[in-house]
Amino acid sequence: MTAGTTPRAAAATGEVLAAALARRADEGIAALLRARPDLAAPPPSSLTALAARAGSRPSVERALSGLDGVELAVAEAAVALAPVRRPTPAALSKAVGVDAAPAHARLHELALLVRDLPVAALVEALGPHPAGLGPTLAELDRHAPAAAPAEAAPAEAAPPTTAAALRAVLKDAPASAAGTLDALTWGPPVGTVGDDVPEGAAWLLGRGILRRLSPTQLVLPREVALAARGGRTHREPPTPPAAEDVRTYPAAVVEAESARAAEEMVRLVAALLRAWHQAPASVLRTGGIGVRELRRTAAALEVSEADAALVAELAAMSGLLTQDDDETVAWSPSRAALDWLEDPLPARWAHLARAWFSSARTPWLVGTRSDQGTLRAALEPTLERGWAVELRERALRVLADLPPGAGPSPAQVHELLTWRRPRATAPERTVAAVLAEAGRLGLTGAGALAPAGRAVLAGAPADEVAAALEATLPEPVGELLVQGDLTAVVPGRPEPALAELLSLCTEVESRGAALTVRFTAESVRRALDAGTGADELLAALAERCRTPLPQPLEYLVRDVARRHGQVRVGTAGAYLRLDDAAGAATLVGDPALARLGLRAIAPTVLVSPADPGEVLDVLHEAGLAPVLEGPDGAVVLTGLGAGPRAATRVRQVGVRGRRGVARGLPTFPGAAASTYTRRPDDADLRAVVGRMRAGEARARRDAAARRDGAPAATDPVHALVLLREAATAGTPVEMVLVGPTGRPERRRVQPVHVDGGRVRVTDLDRQTELTVAVHRISAVAPA
């Protein structure tokens, strides 16, 4: 046996797996598709195709990534024991050191074990040395290298394959031999030697305890290693990490921290929506927003750029943002945002939390660089990761399984996640980022899962999630204390109406157990811009204030109101400038021009909401002779390419610049359901199982009616499985190849090796060897 050759182990064939799946009830097959969703995408055409896909290496690798520590250890033990003895639940329990029956049943449900035997792809996926054990004696005999003359005679000694026989042989072993055996017993089982074999290794070779793997490698056979291990495949039983040194917080602290974070996140999202309503965020060509826009948003929200990116991503996940292409593509609040802003705080938070929990977005990657070296921007489409949805659920599940109030560190959560998925755990910094987002959102408080977070994790409806948060929120306060220095204090969480009033006319100075705000000329003007009159604003404040309003506040409001509106700004599609006021009055009163909506803003100046081209057309139809002015006030001359519609072109160039029309809308978060979050429901699975049953029956009828012996394995995955099994067993197959001209050609071949999208075979009729690309293989069947 040469170095690097994968040992062959006893395994269930694809035919045995297909028969086992056919015996399952529809519910059992649906459970398999639910546990291994890759098997249903796309839906297999028959149960035979399902078995081929379930026994393929990529699908088995995905299934292994979902096993916990005990299940993975039992799978390794099953692969290691299969060539030696049947891996029954009792044998696996002895080998692993724990009760293996639940894991054994789970592996059968996942179709990784069939009648106690592992599928062939499971043997390949776990590598040449499962559980640190080497090849079996039978495999070594089949691939034994030529022995050195000095070793030929003693190598005939029978290897000790039982614990008693091994103890008897080792009774007179030198210390170097015992040390070498101890080093190889628990793996790795292969040792390297030079031309001069050490004394201890030579002693073990002479008594059959070690075997030569190659001229420079010695290996401990699997049976001998199991005898040295006392029949165990793992040194220590797999046990979950102990949750030690985990801080526990009182329920009141957890709820208070969660409520504070939830209220703050809702406030920030609302502030972002208002800010982007006033000044939408321009979209980059990649679909995200630039660094300048992010900095502007962070300054408006008074948070860091990372927090601003999280708020923007959260708003987009929840469908509260959309892209408009009026002039330039930009992010702005969607129609759903208007309804969201009117909902009570618990309902708004429930909408955000449920959207975050089911989203594939990764906001923590904003500001990092991709593999190509480009900077990742907030809201760009490339921030979706399929594993993000499951990671959020797994991280919160770890917190939910701990005692109430337990707030583990990210390192402790990562350790628990690694135990639950040893082959598929995100890096610790990624786990820390997910936990930080959960804390910022209010799903956790002081690191412990809050009651509202438990409701989100359980998949509760939005109203139940909102009720869970509302139960932890402090009672809102509807009064404020206004002081003579133009500051006001709300002793608690303000009621929604009071919070909206203060957001209109004040600037926040501090937040905490109490809210402190300040009245300024700019904040009062903001309230007046929103349509609130001076008397109305003072009356609303007086109604909420426990004491009479101080005179400085009244003076400030009335002084700002006196100067408010002295300069007015409006919009118009076109303007008309005349020489005399009488002509202007005539045009305003002309019924033929009523559809233009003319309005006088000065004795000789009229404005219309219609665009200049339409105004020119209507004036020409009325028998007038207007001329067109450009953006600089100069008259636009008529001539080649000119005409009434030139006004539209002038307006476009003046406003939109050289690009003219805007780009098409790219995809963006919140635009549609993500492909990463789509999961088949029970109705989908029942339909898939029904089609596979029908396809299997149709394939069997076709096979029974076929007389020319044409191969039936036309599914690519099924064909590759047959080729791999034939290469392992050394049996010939019949293969249909598609030649360069497109003509199918049938050959009887012996597969030698299948790897990397190519198959090396020996043509038995032509006595030649050829390598065939997998896409050229049309069908395969046993010869």
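Preceding this paragraph is the structure being described.
Note that this is a predicted model, so its numbers are computed, not measured. (Residues numbered from 1 in each chain as written. Predicted model: local features only at pLDDT ≥ 70, side-chain atom pairs only at ≥ 80, totals over all residues. Heavy atoms only, no water.)

Moving on, we get to the nonpolar core. Counting residues in hydrophobic clusters, the biggest one holds 75 residues, and the most contacted among them are Val269, Trp349 and Trp356. Ala73, Leu122, Val123 and Leu133 belong to the second-largest nonpolar core, a separate cluster that totals 71 residues. (Core = buried A, V, L, I, M, F, W, Y, C linked by side-chain atoms within 4.5 Å. Buried < 20%, exposed > 50% of the residue type's maximum accessible area, 1.4 Å probe, protein only.)

On to the side chain of Arg348, then. Along the polypeptide, Arg348 turns up in helix α19 (residues 345-357). Buried Arg348, no salt bridge; nearest opposite-charge side chain is Asp343, N-O distance 6.8 Å. Those residues in contact with Arg348 that lie beyond four places of it in its chain are Val266, Ala270, Trp340, Leu341 and Asp343. (Helix = DSSP H or I, 4+ residues; strand = E, 2+ residues; numbered from the N terminus. Lys, Arg positive; Asp, Glu negative; His and termini not counted. Salt bridge = Lys/Arg side-chain N within 4 Å of Asp/Glu carboxyl O. Contact = heavy atoms within 4.5 Å.)

Turning our eyes to something else, we now look at the sheet that holds strand β20 (residues 733-738). As summarised here, the arrangement of the five strands in space is β23-β22-β21-β20-β24, forming an open sheet in which the pairing is antiparallel. With partners counted over all chains shown, the strands left at the sheet margins are β23 (768-773) and β24 (777-782), one partner each. Geometrically, the sheet is characterised by an average inter-axis angle of 40° between neighbouring strands, direction not taken into account. Note that strand β22 (residues 758-763) and β23 share six bridges and pair antiparallel. Bridge pairing in β23 links Thr762 to Glu769. Against the sheet, helix α33 (residues 716-729) makes contact with β20, β21 (744-755), β22 and β24, and its axis sits at roughly 65° relative to β21, the strand it touches most. (Pairing = 2+ DSSP bridges. Axes fitted to C-alpha atoms, helices over the stretch in contact; angles between N-to-C directions.)

Let us look at the pattern of salt bridges. Oppositely charged side chains can pair when the atoms bearing their charge come close. Considering all chains together, one arrives at 34 salt bridges under this definition. Taking the shortest distance from any N to any O, the salt bridge between Asp535 and Arg558 comes out at 2.8 Å. With a gap of 23 residues between them, Asp535 in helix α27 (residues 534-544) and Arg558 in helix α28 (residues 551-563) connect regions that are remote in the sequence. Sharing partners across several salt bridges, the network here consists of Arg57, Glu61, Glu124 and Arg423.

On to the pairing of strand β16 (residues 515-518), then. The pairing of strand β14 (residues 487-490) with β16 spans four bridges and is classified as antiparallel. Note on β16: the bridge partner recorded for Val489 is Thr516. In the sheet, strand β15 (residues 507-510) pairs with β16 via three bridges, with the strands oriented antiparallel. Its bridge partner lying in β16, Val508 is registered against Val517. A loop of four residues connects β15 with β16, the two strands running antiparallel in sequence.

For the rest of this paragraph, the subject is α19. An ideal rise of 1.5 Å per residue puts 18 Å on 13 residues; α19 measures up with 18 Å between its terminal C-alpha atoms. Of all 13 residues making up α19, ten are buried, and the element is well covered by its neighbours. Burial in α19 covers these residues: Leu345, Pro346, Arg348, Trp349, Ala350, Leu352, Ala353, Ala355, Trp356 and Phe357. (Expected span 1.5 Å × (residues − 1).)

It is worth spelling out the side chain of Thr297 at this point. Along the polypeptide, Thr297 turns up in helix α16 (residues 291-301). What Thr297 contacts, discounting residues up to four positions off in sequence, is Leu272, Trp276 and Ala308.

Read across the open sheet, the four strands follow the order β13-β14-β16-β15; overall the sheet is antiparallel. With partners counted over all chains shown, the strands left at the sheet margins are β13 (481-482) and β15, one partner each. Two elements, β13 and β14, share two bridges in a ladder whose sense is antiparallel. Residue pairing across strands places Leu481 opposite Val489, the latter belonging to β14.

Now for the packing of α16 against helix α17 (residues 305-317). For the pair α16 and α17, interaxial distance at closest approach is 9 Å and the crossing angle is 95°. The angle between α16 and α17 places the two elements in the roughly perpendicular class. Counting all contacts with α16, which are made through Leu294, Arg295, Thr297, Ala298 and Leu301, the residues of α17 involved are Glu305, Ala308, Ala309 and Val311. Looking at the contact of α16 with α17 residue by residue, the class counts come to six nonpolar, one polar and two charged. (Parallel < 35°, antiparallel > 145°, perpendicular 65-115°, else oblique. Nonpolar A, V, L, I, M, F, W, Y, C, P; charged D, E, K, R; others polar.)

On the basis of relative accessible area, Arg348 is assigned to the buried category, the value being 13%. Between the C-alpha atoms of Arg348 and Arg267, which are 81 residues apart in sequence, the distance is 9.9 Å. Only 3.1 Å separates the side chain of Arg348 from the backbone oxygen of Asp343, close enough to count as a polar contact. (Polar contact = N/O pair within 3.5 Å; in protein donor to acceptor, adjacent residues only side chain to side chain.)

Considered for burial, the residues of helix α30 (residues 612-621) that qualify are Pro612, Gly613, Val615, Leu616, Val618 and Leu619. Where α30 begins, the capping side chain belongs to Asp611, and its oxygen is found 3.0 Å from the backbone nitrogen of Gly613. Of the residues one or two after α30, Gly623 is the one with positive phi, at around 85°.

With that settled, the discussion passes to the packing of helix α20 (residues 386-401) against helix α21 (residues 410-420). Where α20 contacts α21, the two axes come as close as 10 Å, and the packing angle between them is 105°. Taken as axis vectors, α20 and α21 run roughly perpendicular relative to one another. Contacts between α20 and α21 involve Leu391, Arg394, Ala395, Arg397, Val398, Leu399 and Asp401 from the former and Val413, Leu416, Leu417 and Arg420 from the latter. Residues of the contact of α20 with α21, tallied by class, amount to seven nonpolar, no polar and four charged.

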